[in-house]
Amino acid sequence: MPGTRTTHPRFTPSEGSVAAMRPTEPVRAASVTELPQPLRRGTADGLPETLGDLHRELLPLDDDGRPLHHQKVQALHAGLMGSIHSWELVTAVDGPGTRMTLFLSGCPLQCQYCHNPDTMQLKNGTLQSVEEVLKRVMRYRKIFQATGGGLTISGGEPLFQHKFVRRILRGAKEMGVHTAIDTSGFLGRVADDELLADVDLVLLDVKSGDEATYRETTGRALAPTLAFGDRLAEMGKPVWIRFVLVPGLTDAPENVQAVAEIVARWGSVQRVEVLPFHNMGEDKWNTLGLNYSLKGVQPPSLESTEAARETFRAKGLTVY
């Protein structure tokens, strides 16, 4: 996900426990020797547009060592199944109350500070049906009701699998569960009004306020995120902003100021979270054989983090 929390593999405990929230039916991932280019992970709209491209995207190996069955490919393309990295049950991290956070696989960005690079590729997840996901959501509905929590869909980039996300959100709302998506906004154009009607809260990651820094940080353009933020503001959709402060990359005062000015124009923003960079995901990059460009970079000081927060507060924003 676009945030700063590192997710970890889980053991398989008894069904129904919090730690049992782990999808089944793994798709074996190929070894990774270099950071892939975005177009190799699908079109800019998310999943590849043809079943043939999707098949190649996943690579033809299922958990039994055989080519992925065409029915599974069709189900994934239609959003009846999704490629899921992991689950967590957390409190006051990915939205209000106690939340089930669903981390999906696949992302069109290449963020230098990504703490879960194993979520970048669609094929590095596990397959699970909409029905299986919603059964787990139902299991924790009483907890959500008692704490004011709900379901947050993160990643990777959740809108990379927008057809699957649409079905999960609709099912959750039919249960009366509060919903949130944690997104970079880069694929915001695939989130139509019908999908967003089933979203109660958007956690929007604004990674930079100027084009050059955004491209350096993510390998992509800033404009789609700005357009998505403008649209959310026009809709009056509640938004929590997340900005990661990375020394030497995103912490220049002029960049922080630019982010604050962008966010201040969105009237539906309820809060801003300035998240100090940490390098706890470095081991994952090394395990995957990827070049970790921020090696040796230390977290920002308390003083610089607070200075960044004050920049947002000066715009009249509620900051954490």
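Sequence order as written defines residue numbering, which begins from 1 separately in each chain. Side-chain atom pairs in this predicted model are given and counted only at pLDDT of 80 or more, local residue features only at pLDDT of at least 70, and totals for whole chains, interfaces and linings cover all residues. Hydrogens and water molecules were not included; the side-chain quantities draw on all heavy atoms of the structure.

This next bit is on the overall build of the protein chain. For helices the rule is a DSSP run of H or I covering at least 4 residues; for strands it is a run of E covering at least 2, with both sets numbered from the N terminus onward. Counting secondary structure elements, the protein chain contains 11 helices and 8 strands. Contacts in the protein chain between residues far apart in sequence, at least 24 positions, make up 75% of those at least 6 positions apart. Residue contacts are defined here by distance: any two heavy atoms, one from each residue, within 4.5 Å place the two residues in contact.

So, on to the sheet that holds strand β8 (residues 269–276). The pairing criterion is simple: DSSP has to find at least two bridges between the two strands. Strand order across the open sheet formed by 8 strands is β3-β1-β2-β4-β5-β6-β7-β8, with mixed pairing between neighbours. In the strand order of this sheet, the two ends are held by β3 (126–129) and β8, each with one partner. If you compare each strand with its neighbour and ignore which way they point, the axes differ by 30° on average. Where strand β1 (residues 81–91) lies against strand β2 (residues 98–104), 7 bridges are found, and the strand directions are antiparallel. When the sheet's bridge partners are listed, Glu 88 is paired in β2 with Thr 101. For helices, the axis comes from a line fit to the C-alpha atoms of the stretch in contact; other axes are also lines fit to C-alpha atoms, and the angle between any two N-to-C directions lies between 0 and 180 degrees. Packing of helix α2 (residues 70–78) onto the sheet brings it into contact with β1 and β3, and relative to β1 it is tilted by some 55°. Seen against the sheet, helix α3 (residues 130–139) touches β1, β2, β3 and β4 (150–154) and runs at an angle of roughly 75° to β3.

For β8, the tally of buried residues reaches 6 of 8 residues, placing the bulk of the element in the interior. When the strands point away from the viewer, a crossover counts as right-handed if the path from the first strand over the helix to the second runs clockwise. Crossover handedness for the path strand β7 (residues 239–245) to helix α9 (residues 253–264) to β8: right-handed. Throughout, exposure labels follow a simple rule: accessible area from a 1.4 Å probe, protein chains only, divided by the maximum for the residue type, with under 20% read as buried, over 50% as exposed, and the rest as partly exposed.

Any carboxyl oxygen of Asp or Glu that lies within 4 Å of a side-chain nitrogen of Lys or Arg is treated as forming a salt bridge with it. If you walk through the whole model with that rule in mind, you get 16 salt bridges. For Asp 118, the salt bridge is made with Lys 284, and the minimal N-O distance between the two is 3.4 Å. Taken as a pair, Asp 118 in the loop between β2 and β3 and Lys 284 in helix α10 (residues 282–287) lie far apart in primary sequence, 166 residues in all. As far as the burial class goes, Asp 118 and Lys 284 line up, both buried. A salt bridge links Arg 265 to Asp 230; its shortest N-O distance comes to 3.2 Å. A residue pair is termed long-range when its members are at least 10 positions apart, and Arg 265 in the loop between α9 and β8 and Asp 230 in helix α8 (residues 223–235) qualify at 35 residues. A relative accessible area of 47% means that Arg 265 is categorised as partly exposed. When its relative accessible area of 28% is taken as the criterion, Asp 230 is described as partly exposed. One continuous salt-bridge network, built from bridges that share partners, spans Asp 94, Asp 182, Arg 242, Arg 271 and Glu 273.

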